[in-house]
Amino acid sequence: MSMNRREFLKIAGISTVVGLGGTAAFTKIRESALEAAQIAPNTLALKAKQWAMVIDMGKFKSEETIKKVINACHRIHNVPDIGNPKDEIKWIWTETYGHAFPGQEHKYMSEDMMHKPFLLLCNHCTNPACVRVCPTKATFKRKDGIVMQDMHRCIGCRFCMAACPFGARSFNYRDPRGKDANGNPFIKEENKEYPTRMIGVVEKCTFCVERIEKGLKPACVEESNGALVFGDLDDPNSEVRKILGSTYTVRRKPELGTEPNVYYVIGGNGYAIVPELL
Amino acid sequence: MKIYDGGKIFIGLVIFVALFASPFYLNMGKAIAKPELKFDTPEIQRLEKETGKKQCVEPKEFMRGGHMQMLNNWRDEVVRMGNRDQIVIAGQKFDKSLQLACMKCHSNKKDFCDKCHNYMAVNPYCWTCHIQPKEKQS
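Residues numbered from 1 in each chain as written. Chains lettered and ligands numbered in written order. Predicted model: local features only at pLDDT ≥ 70, side-chain atom pairs only at ≥ 80, totals over all residues.

Glancing now at the overall build of chain B. Broken down by element type, chain B carries five helices and two strands. Considering only C-alpha atoms, chain B reaches an extent of 80 × 35 × 25 Å along its principal axes. Out of the 138 residues in chain B, the part that is buried amounts to 12%. Of all intrachain contacts in chain B linking residues separated by at least 6 positions in sequence, the fraction that spans at least 24 positions is 62%. (Helix = DSSP H or I, 4+ residues; strand = E, 2+ residues; numbered from the N terminus. Buried ≥ 20, exposed ≤ 12 C-beta atoms within 10 Å, placed from the backbone. Contact = placed C-beta atoms within 7 Å.)

Counting its regular elements, chain A contains nine helices and 10 strands. When the 278 residues of chain A are sorted by exposure, 31% land in the buried category. The contacts in chain A between residues at least 6 apart in sequence include a share of 68% that link residues at least 24 apart.

One finds A:Met53, A:Ile55, A:Ile92, A:Leu121 and A:Leu228 to be the most contacted residues of the largest nonpolar core, which totals 53 residues. Counting residues per element, this core draws most heavily on strand β2 (residues 51-56) of chain A, at five residues. The next biggest cluster of nonpolar side chains, apart from the first, holds five residues, and it includes B:Ile44, B:Leu98, B:Cys102 and B:Met103. (Core = buried A, V, L, I, M, F, W, Y, C linked by C-beta atoms within 7 Å.)

Taken in spatial order, the three strands of this open sheet run β1(A)-β1(B)-β2(B), and their pairing is antiparallel. Strand pairing shows two members of the sheet lacking a second neighbour, β1 (38-40) of chain A together with β2 (92-94) of chain B, which therefore form its edges. Averaged over all adjacent pairs, the angle separating strand axes in this sheet is 40°, with direction ignored. (Pairing = 2+ DSSP bridges. Axes fitted to C-alpha atoms, helices over the stretch in contact; angles between N-to-C directions.)

Turning next to the interface of chain B and chain A. For interface size, the figure often reported is the accessible area lost on association. The interface of chain B with chain A comprises 20 residues on the first partner and 20 residues on the second. Of all the secondary-structure elements, those providing two or more residues to the side of chain B that touches chain A are α3 (60-80), β1 (86-89) and α4 (98-105) of chain B. At four residues, the largest contribution of residues to the side of chain B that touches chain A is made by β1(B). The residue makeup of the side of chain B that touches chain A, split by class, is nine nonpolar, five polar and six charged. (Nonpolar A, V, L, I, M, F, W, Y, C, P; charged D, E, K, R; others polar.)

Take the environment of B:Arg46 next. All names here are of chain B. Along the chain, Arg46 falls in helix α2 (residues 42-51). Accessibility expressed as a C-beta count within 10 Å gives 11 for Arg46, which makes it exposed. Taking the C-alpha atoms as reference, Arg46 lies 22 Å from Arg64; in sequence the two are 18 residues apart.

On to the confidence of the model for chain B. Here chain B shows a mean pLDDT of 89. Residues at 70 or above account for 99%. ipTM for the predicted complex: 0.79, alongside a pTM of 0.80. (pLDDT = per-residue confidence, 0-100.)

Next up on the list: the confidence of the model for chain A. Summary statistics for chain A give a mean pLDDT of 89 and a share of 90% for residues scoring 70 or more. Confidence over residues 270-278 of chain A falls short of pLDDT 50; this stretch has 12 contacts with residues more than four positions distant or in other chains.

Here we come to unusual backbone geometry. Residue and element names in this part refer to chain A. Even without being a glycine, Asn78 presents a positive backbone phi close to 55°. As for its position among the elements, Asn78 is in the loop between α2 (63-76) and β3 (92-95). The class of Asn78 is buried, set by 24 C-beta atoms lying within 10 Å. Unlike most non-glycine residues, Asn225 shows phi in positive territory, near 55°.

What follows covers α3(B). At B:Gly66, α3(B) shows its strongest bend, of approximately 80°. Positioned one or two residues after α3(B), B:Gly82 has a phi angle of 65°, which is positive. (Bend = angle between axes of the 7 residues up to and from the residue.)

What follows deals with the sheet that holds strand β10 (residues 262-265) of chain A. All names here are of chain A. Pairing in this open sheet of three strands is mixed, and the strands run β9-β2-β10 from one edge to the other. The two strands at the open ends of the sheet, each matched to only one other strand, are β9 (228-232) and β10. Each adjacent strand pair in this sheet contributes to an overall mean axis angle of 20°, direction not counted. As judged from the five bridges shared by β2 and β9, these two strands associate in the antiparallel manner. Paired with Ile55 across the bridge in β9 is Leu228.

Shown next, in the form of C-alpha cells:
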C-alpha cells in the first residue's frame, strides 16, 4: 500500500490526538477511583514569605516568664529533659550575653546585662548552613522561611550540628522515651497530639509549624506576654517589621552571612536579675 | 559408572533432603490462621451508629494493600509540602496523620496494626516516634 505525504501526516496527527486523549482519560479514571475521600482545604494556616521573631529582652519582667516560655515549648513538643548538658535536648534555651553575642561583651558591662539570661532558639536563617550540608535533605527550608526537619529522613549524621553556628540543634544520644537512673522518664508528661523523636536523630525548633498551620502563633510567643513578637518579614505592616523599623535590634553572629531571622531588642530597663552569688 | 562411597553419599543426601524439607512436611495441613482484624473499637462503633456504616478514608481493599503508600504520601504532603488539608469522613474532619487520624478510630493497635504486621513479618518503626493510643477493645 502506498501513501502520499499528505495522508501520512493526517493519520499521524489523528493518532497523536487520540493517543494523548486516551491516556488522559485513563489517568482521570484512575484518579477518581483512588480519591474516594473528600478533602476539606485548610483555610486556617497563617501565611508568610519569611517568618521572623523579635525578642524584646526588656519585656521579660522575671526569670519565671522565661522558664514558662521554655516549658511551654518543651512540654507540647515532647522535648525530653535528659538532665545532663552533654545529652541535653533543647529547642529554646537561655545563654548569657557573652555567649549569645560573642565578641560584643566587655568587662565593664553592667552585672545585670552580663548575667541576664538571653532567650535563644533556631534562627530560621535565610541562608541556613544546616540545610546546605544535610546529605539526605532531611532538613530543608519551607516556602514560608521555616527551616524544617523531617525526622523520617534524618540519619543522624550530625553534619547540621557542625554547620549551625548557633547551637540550635540537639542530637538524641539517649532514647527520649527512656528513663534516668532514678526511673523517672525523660519526658515528664507526653503530649499525645505530637510525636516524640527516636534515638539517633537531630531535632530543633520548628517555629511551631503545626500550630502556624492551624492558625495559631508559636507556643513561646503565646506564653511570653508580648516579649516575643512573631510575624512576616516580607510584610511591611507586620508587627515584626514595625518594631524593626522603629527600634534598634541586633541579630546573633550576622557576620557569618546566614541571615538569621530572630532579632533581639537588648533593652535592659525594668528588669534586673541579681544572681544569688553576688 | 562407579560412584566412590556411593552408599554414604546417598544416605547423606536423603538425610539432607529430609532435614531441608522438614518445615514443609511438618507443617503440612496446618495452615496458620489468617489474621482477623477487629473493627469494633468504641470510636468505630460510634461512627457506625452516627452514620450507619463503617467508613475509612479509602475503601477496605485499597487500604489493605496500599495504606503504607498512602501514609507515605500524607507524610510528604504534610511535612515537606506543608499541605494540611483535612479529609472528611461522614461529615467528620480528620488530619492527614497516623497519630491524629488513623489511631483515633483504630485505637486497637494490637488487634489492628500488629496482627497483620506480625503475620507478614514486617516491622515498621512508626511507633518509635509516633505515640500509640491507649489500647481499647470493644
